[in-house]
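What follows is the residue order along each chain.
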Amino acid sequence: MSSVETREARQPWILLSPALSAVALLLFVPLIFIVVYSFWLRTATGADVAGFHLDNWSEALSDAFYRDILLSTLRIAAITTFVCALAGYPAAYFIARSRGNKMILLLLLMLPFWISYIIRTMSWINILGVSGAINSALMAVGVISEPINMLYNETTVILGLVHFLLPFMILNIFVSLEGIDTNLEDAATSLGATRWQSFLEVTLPLSLPGLAAGGLLCFVLGAGTYITPLVLGGPTDAMFANLVFEAIITQLNWPLGSALSLMLLAVLGLLVAIYNRYLGMAQLMKGLG
């Protein structure tokens with residue numbers, strides 16, 4: 001190979017080197033540290049002993065407490081994803097089929113991202129709290145005589161997650177619907193199908209990749225969050241990320257927290273790998289773009 005060909009072969013890697021260096025420093029290097037930490041040992045004195053110990057992994061994988069919290073986390077994430085799909089599809093369909101005001105509707109959809117996620121989550125306290133808007137309104141009209149306790153349970157956690165994740169679902173479904181030729185629906189109706197049959201037989205199947213991409217994004221983000229259950233959940237509504245936070249920040253037990261975080265990463269990574277195997281990541285990248 002000549003020097004010119006060698007230079008041309010290296011040029012793409014030279015151009016990509018800043019981005020690859022950033023990814024390596026910000027993603028892979030911290031991940032390697034976490035993997036190494038997960039095999040260290042936390043002693044009774046609070047010191048971390050370097051080495052290759054399986055105590056943290058044995059505790060994380062064998063303790064029923066962690067297993068139950070993980071299953072509960074996956075269940076809450078699944079319910080949240082299902083609710084987002086039910087609520088998000090009609091909204092995405094309305095935006096995709098609207099005429100002349102799509103950009104305004106998309107701008108309104110993106111407005112919540114301009115507000116801090118923590119502030120959006122805490123706003124539910126002012127809505128559902130004992131002295132919140134709903135209780136105040138119901139008491140003002142005489143429907144109830146004393147405030148209803150609506151906060152700090154699994155339902156409010158799911159509500160907060162839906163509030164946070166719904167725009168992601170709508171955007172992914174919208175991108176998929178935008179790529180469907182509306183002439184296909186007209187062709188179906190011209191062949192005798194009703195509008196509902198045309199939707200079920202043509203539009204819905206063609207939009208499933210976007211629905212699946214939104215579902216994956218909502219599920220992964222929902223399963224990995226800890227702010228929402230921390231703010232809106234009760235003592236028994238902790239999710240798996242809260243255990244990681246508790247181990248690392250409160251107990252300063254980095255080895256156990258590292259093992260727990262890798263455990264959650266492995267489960268979610270497996271789901272992403274399954275999605276990529278059967279559907280591919282292209283549709284997800286369109287929704288994120």
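Residues numbered from 1 in each chain as written. Predicted model: local features only at pLDDT ≥ 70, side-chain atom pairs only at ≥ 80, totals over all residues. Heavy atoms only, no water.

Before we move on, could you go through the overall build of the protein and cite the residues and values that matter?
Regarding its fold elements, the protein presents 13 helices and two strands. For a compact globule of 289 residues, the expected C-alpha radius of gyration is about 19 Å, and the protein comes in at 24 Å, more than 25% above that figure. Projected onto its principal axes, the C-alpha coordinates of the protein cover approximately 85 × 75 × 35 Å. Per-residue burial for the protein yields a buried fraction of 36% across its 289 residues. Accessible surface computed for the protein: about 16,700 Å², of which carbon and sulfur atoms make up 70%. Between the averaged position of the 12 positive side-chain charges in the protein and that of its 16 negative side-chain charges there is a distance of 10 Å. (Helix = DSSP H or I, 4+ residues; strand = E, 2+ residues; numbered from the N terminus. Rg over C-alpha atoms; globule rule 2.2 N^0.38 Å. Buried < 20%, exposed > 50% of the residue type's maximum accessible area, 1.4 Å probe, protein only. Areas by Shrake-Rupley, 256 points an atom, 1.4 Å probe, with all protein chains shown as cover. Lys, Arg positive; Asp, Glu negative; His and termini not counted. Charge placed at Lys NZ, Arg CZ, Asp CG, Glu CD.)

Outline the packing of aromatic side chains, listing residues and values.
Under the criterion given, the structure shown has 12 aromatic pairs. Seen in terms of ring centroids, Trp-196 and Phe-199 are 5.7 Å apart; in terms of plane orientation they differ by 25°. Their pairing is stacked. Linking Trp-196 with Phe-199, this pair stays in helix α9 (residues 195–223), spanning three residues, or about one helical turn. The class for Trp-196 is exposed, based on a relative accessible area of 59%. Among the aromatic side chains, those forming a connected cluster through ring pairs are Tyr-89, Tyr-93, Trp-196 and Phe-199. (Phe/Tyr/Trp six-rings, centres within 6.5 Å; stacked < 30°, edge-to-face > 60°.)

Describe the pattern of salt bridges, and please don't skip the residues or the numbers.
A complete count under the given rule lists three salt bridges for this structure. Put simply, Glu-185 and Arg-97 hold a salt bridge, and the shortest N to O gap is 3.0 Å. Pair noted here: Glu-185 is in helix α8 (residues 182–190) and Arg-97 is in helix α3 (residues 64–97), with a separation of 88 residues, a long-range link. Classification of Arg-97 as partly exposed rests on a relative accessible area of 23%. Between Glu-178 and Lys-102 there is a salt bridge, and its shortest N-O distance comes to 2.8 Å. With Glu-178 in helix α7 (residues 154–178) and Lys-102 in helix α4 (residues 102–110), the pair connects residues that are 76 residues apart, well separated along the chain. Owing to a relative accessible area of 37%, Glu-178 belongs among the partly exposed residues under this scheme. (Salt bridge = Lys/Arg side-chain N within 4 Å of Asp/Glu carboxyl O.)

Could you give me a rundown of the packing of α3 against α4, with the residues and numbers involved?
Following both chains from N to C, one finds α3 and α4 inclined at 150°, their axes separated by 8 Å at the closest point. Regarding the angle of α3 to α4, the classification is roughly antiparallel. As for the relative orientation of α3 and α4, their crossing is left-handed in sense. Each of Phe-94, Ile-95 and Ala-96 in α3 lies in contact with α4, whose residues at this interface are Lys-102, Leu-105 and Leu-106. Each residue belonging to the contact of α3 with α4 can be placed in one class, and the counts come to five nonpolar, no polar and one charged. (Axes fitted to C-alpha atoms, helices over the stretch in contact; angles between N-to-C directions. Parallel < 35°, antiparallel > 145°, perpendicular 65-115°, else oblique. Left-handed = near helix turned anticlockwise from the far one by under 90°. Contact = heavy atoms within 4.5 Å. Nonpolar A, V, L, I, M, F, W, Y, C, P; charged D, E, K, R; others polar.)

Describe in detail unusual backbone geometry, supporting the description with residues and values.
For Tyr-152, which is not glycine, the phi torsion reads 60° and is therefore positive. Topologically, Tyr-152 is positioned in the loop between α6 (133–140) and α7. When its relative accessible area of 43% is taken as the criterion, Tyr-152 is described as partly exposed. Backbone geometry at Leu-252 places phi at a positive 55°, although glycine is not the residue there. Mapped onto the elements of the fold, Leu-252 is located in the loop between α11 (240–250) and α12 (254–278).

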